[in-house]
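# Residue-level structure breakdown
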Amino acid sequence: MPEDWASSGVDLHLELSSQGGRRRALEDALRRAIRDGRLLPGARLPSTRSLAAELRLSRGTVTAAYDQLVAEGYLTSRPGAATEVALPATTPVEPARIPPGADGEPVHDLRPGQPDVSAFPARAWLRATRHVLATAPAGVLGPCDPRGRIELRAALAGYLARTRGVLADPELIVVTTGFVQALNLLARVVGGTVAMEDPGHDFYREVVSRAGCEIVPLPVDELGARTDLLTPEIAAAVVTPAHQYPMGVPLHPRRRRALRAWGGLVVEDDYDGEFRYDRQPVGALQATAPDRVVYCGTTSESLAPALRLAWMAVPPALIGQVTEAKLYADAHTEVLGQLVLARLIETHDYDRHIRAARLRYRRRRDLLRARLRDALPGARLPGVAAGLRALLLLPEGGPSEAEVLAACEHRGIALRPASPLWHDAGHDGLLIGYAAPSERAYPHALAALAETLAGTRRAARSLSG
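Residues numbered from 1 in each chain as written. Predicted model: local features only at pLDDT ≥ 70, side-chain atom pairs only at ≥ 80, totals over all residues. Heavy atoms only, no water.

### A short note on the packing of helix 5 (residues 150-164) against helix 11 (residues 349-375)
For the pair helix 5 and helix 11, interaxial distance at closest approach is 12 Å and the crossing angle is 35°. Here helix 5 runs over helix 11; the crossing is right-handed. Residue-level inspection shows Y159, R162 and T163 of helix 5 in contact with helix 11, the latter providing Y350, D351 and I354. Partitioned by chemical class, the residues of the contact of helix 5 with helix 11 number 3 nonpolar, 1 polar and 2 charged. (Axes fitted to C-alpha atoms, helices over the stretch in contact; angles between N-to-C directions. Helix = DSSP H or I, 4+ residues; strand = E, 2+ residues; numbered from the N terminus. Left-handed = near helix turned anticlockwise from the far one by under 90°. Contact = heavy atoms within 4.5 Å. Nonpolar A, V, L, I, M, F, W, Y, C, P; charged D, E, K, R; others polar.)

Here's what the structure looks like:
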C-alpha cells in the first residue's frame, strides 16, 4: 500500500515573492532553496496536499510547480513515493587512493586511555536497551536525581562490593560523566591545597588547578605514593592505590595505613580496577575508611569513553555538598545509558565482558613485553601486572623521548610522551596503550613500534660511538 506522504511530517520553509503569479513564486522559491544549498540532493519535499495547505495555495498550483521543476531536472518524482531534490549528475571515477592516516588518524593507534572499542559488547548493550525501553515507565525520561538513577546506584553498590570490596550505600553514590567531572566537583567542594601523585596524570592536575586549588606533588617510588609526606595543611590527596598511574605499583600496606591515619580527604581513582593479570586484585582503599575516602570508577576503560558514565562513592559528610555541586554542574547525567548499564550489571553481562577483555588484554601485554625486550634492551617496563597501558622508561645512552616520538610520528604511530606526567622536567619515557587497537590491528602496530624503537636505538648508538 503506498505511503500517505501527507502524513510524513516533512517541514519546509519557503518565502514566496508577492510579485507575479503564485505558481511562479513557488517555483522561484524552490529553485533558490536548491541552488543555495538549503535543500540538499535527496532531500524529501512535502506532499502537494500538505504544502498547499501550509502556503494556502491550491493543490493544483503546487502540483504544477513540482511538475515544472521535475521537467527542469531540479526534482525527481515517482508514483507512490515522495518528491525529492534531484541528485547531481555524476560521471563514475576511480576513487582516489588515500594513504593510511591521511585523514588525521594515526596508522597505528597506541595512545593510552581507551579500550579496544571494536570489542564493545554491542549485542548485550542492545538487549539491555530493548529491555529498558520496553519495561521502564515513561517517567524515566523526565528530570533525574542529581546523584543518578537509583537503579544504577543500587546495581553499582552491589557490584562494587562484590568485585572491589567497596562499602557504599546507593544513597551515597553519585553518577557522573567521567572521572574528570568527579574530580572537578570534589575540588570545588573541598578547595584548598591538594596533593597529587608525582608522576601522575597531567590533565587531572590541570583540572584541579582550574577549579581553584593549589597543587603540591606527592612523590612516588617503588612502594607507591609517599603518603608519609602528607601534612595537616593539605586538604585532599588524589591517589591511585591499586595500580599507580603511570608507574603501575600498588600502594604498600604500610603507606595505606599512613594514608588512613592522615586526617584529610582521600580521592581514590580506581581507573582500571577490573584488569589484573599476574597477582590477586588489590581491594579498594575505601573499604578501610569509607568516612574519609571518595571512591571513583568509570566505564571509560571497561566499555568505552563515549558512554560518559562514571561514579563516586562519597562519605556521608560530603554527600550533600557533592550532590548540590552536581546539580549546578549539569543537573544530572544522561538517563537511558544509566538504566542500560544497570541492566548489564544485573544480568552479569558486564562481568562476562570484563572477563573476556581481561584475557584479551593479558595476551597483548605479554606480546608487548616480549617484543620490547628484544627491540630495546636496557629499557624498563614497570608495573604491567595490571592495566591497559605500559610505561616504557628509556635506557641510558638513548634513544631520547623526542627521538622516539619523531620516529613514531614518521611511521604513523601514535603514543604519549611520559615526561609531562612528572611535575618537573628530566624524565624520558613513553606511555603505550596496548588496548586501543583492534585485535587485527594490534600485531601490526606492535611490529611497527618494535621496528621503530630498534631503529632509533641503532641511530643513537652510532651517534654516541
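### With respect to the packing of aromatic side chains
Scanning all chains against the criterion turns up 6 aromatic pairs. Between the aromatic rings of F120 and W125, the centroid separation amounts to 5.6 Å while the plane-to-plane angle is 55°, which identifies the pairing as tilted. Its relative accessible area of 16% is what places W125 among the buried residues. Considering the side-chain rings of Y159 and Y350, the 5.3 Å spacing of their centres and the 70° angle between planes classify their relative orientation as edge-to-face. Taken as a pair, Y159 in helix 5 and Y350 in helix 11 lie far apart in primary sequence, 191 residues in all. For the pair Y159 and Y350, a shared accessibility class is recorded, and that class is buried. Three or more aromatic residues link up through ring pairs in this structure, and these residues are F179, F203 and Y204. Over the ring of Y361 we find R360; its NZ or CZ atom is 5.3 Å from the centre of that ring. The lysine or arginine in question, R364, covers the ring of Y442, its NZ or CZ lying 5.2 Å from the ring centre. (Phe/Tyr/Trp six-rings, centres within 6.5 Å; stacked < 30°, edge-to-face > 60°. Buried < 20%, exposed > 50% of the residue type's maximum accessible area, 1.4 Å probe, protein only. Lys NZ or Arg CZ within 6 Å of the ring centre and 35° of its normal.)

### Regarding the nonpolar core
If you look at the biggest cluster of nonpolar residues, it comprises 61 residues, and the most contacted ones within it are Y350, L392, I432 and L453. It is helix 13 (residues 442-464) that contributes the most residues to this core, 8 residues altogether. Residues A187, V189, V208 and L265 belong to the second largest nonpolar core, which totals 26 residues. (Core = buried A, V, L, I, M, F, W, Y, C linked by side-chain atoms within 4.5 Å.)

### Looking at the state of the cysteines
Counted under the stated rule, the structure contains 0 disulfides. With no disulfide of its own, C213 lies closest to C296 among cysteine sulfurs, the gap being 14 Å. (Disulfide = S-S within 2.5 Å.)

### With respect to the layout of surface pockets
Each pocket or cavity is described by its volume, and for the largest pocket that value is around 590 Å³. Lining the largest pocket are 27 residues, and of these F179, H201, Y204, Y245 and E301 sit closest to its centre. Every element with two or more residues in the lining of the largest pocket is listed here: helix 6 (179-190), strand 5 (193-198), helix 7 (202-210), strand 8 (236-239) and strand 10 (293-298). Partitioned by chemical class, the residues of the lining of the largest pocket number 11 nonpolar, 8 polar and 8 charged. (1 Å grid on protein atoms, 1.4 Å probe; cavity = no way out; pocket = protein on both sides within 12 Å on 5 of 7 lines; lining within 4 Å. Points joined across faces, edges and corners; volume = space filled by probe spheres on them.)

### Examining the sheet that holds strand 14 (residues 416-417)
In spatial order, the strands read 12-15-14; together these 3 strands make up an open sheet with antiparallel pairing. Looking along the sheet, the strands with just one partner apiece sit at the ends: strand 12 (389-393) and strand 14. Taken together, the 2 bridges between strand 14 and strand 15 (residues 429-433) define a ladder with antiparallel strand orientation. Residue pairing across strands places R416 opposite L431, the latter belonging to strand 15. Along the sheet, helix 12 (residues 401-411) contacts strand 14 and strand 15; its crossing angle with strand 15, the most-contacted strand, is approximately 40°. (Pairing = 2+ DSSP bridges.)

### Some thoughts on the side chain of T176
Here T176 lies in strand 4 (residues 173-176). The class for T176 is buried, based on a relative accessible area of 0%. For T176, the side chain forms a polar contact with the main-chain oxygen of G178, separated by 3.0 Å. If near-sequence neighbours (up to four positions away) are discounted, T176 is found in contact with Q181, A182, R308, L309, A310, W311, M312, K326 and T333. (Polar contact = N/O pair within 3.5 Å; in protein donor to acceptor, adjacent residues only side chain to side chain.)

### Looking at the packing of helix 4 (residues 122-135) against helix 10 (residues 335-346)
One can describe the packing of helix 4 onto helix 10 by two numbers: an axis separation of 9 Å at closest approach and a directional angle of 115°. Taken as axis vectors, helix 4 and helix 10 run roughly perpendicular relative to one another. Of the two elements, helix 4 crosses helix 10, and the hand of that crossing is right-handed. Where helix 4 abuts helix 10, its residues A124, W125, A128, T129, H131, V132 and L133 lie against L336, G337, L339, V340, L341, R343 and L344. Tallied by class, residues from the contact of helix 4 with helix 10 come to 10 nonpolar, 3 polar and 1 charged. (Parallel < 35°, antiparallel > 145°, perpendicular 65-115°, else oblique.)

### What about the pairing of strand 5?
A regular strand carries its side chains on alternate faces of the sheet. Along strand 5, 6 of the 6 residues are buried, which leaves the element largely enclosed by surrounding structure. Across 6 bridges, strand 5 lies against strand 6 (residues 214-221) in parallel orientation. The partner of V194 across the bridge, within strand 6, is I215. Each parallel crossover has a hand, and for strand 5 linked through helix 7 to strand 6 it is right-handed. As paired elements, strand 5 and strand 8 share 3 bridges and run parallel to each other. Following the sheet pairing, M196 is matched in strand 8 by V238. (Right-handed = clockwise from strand over helix to strand, strands pointing away.)

Geometric values such as these leave the question of function open.
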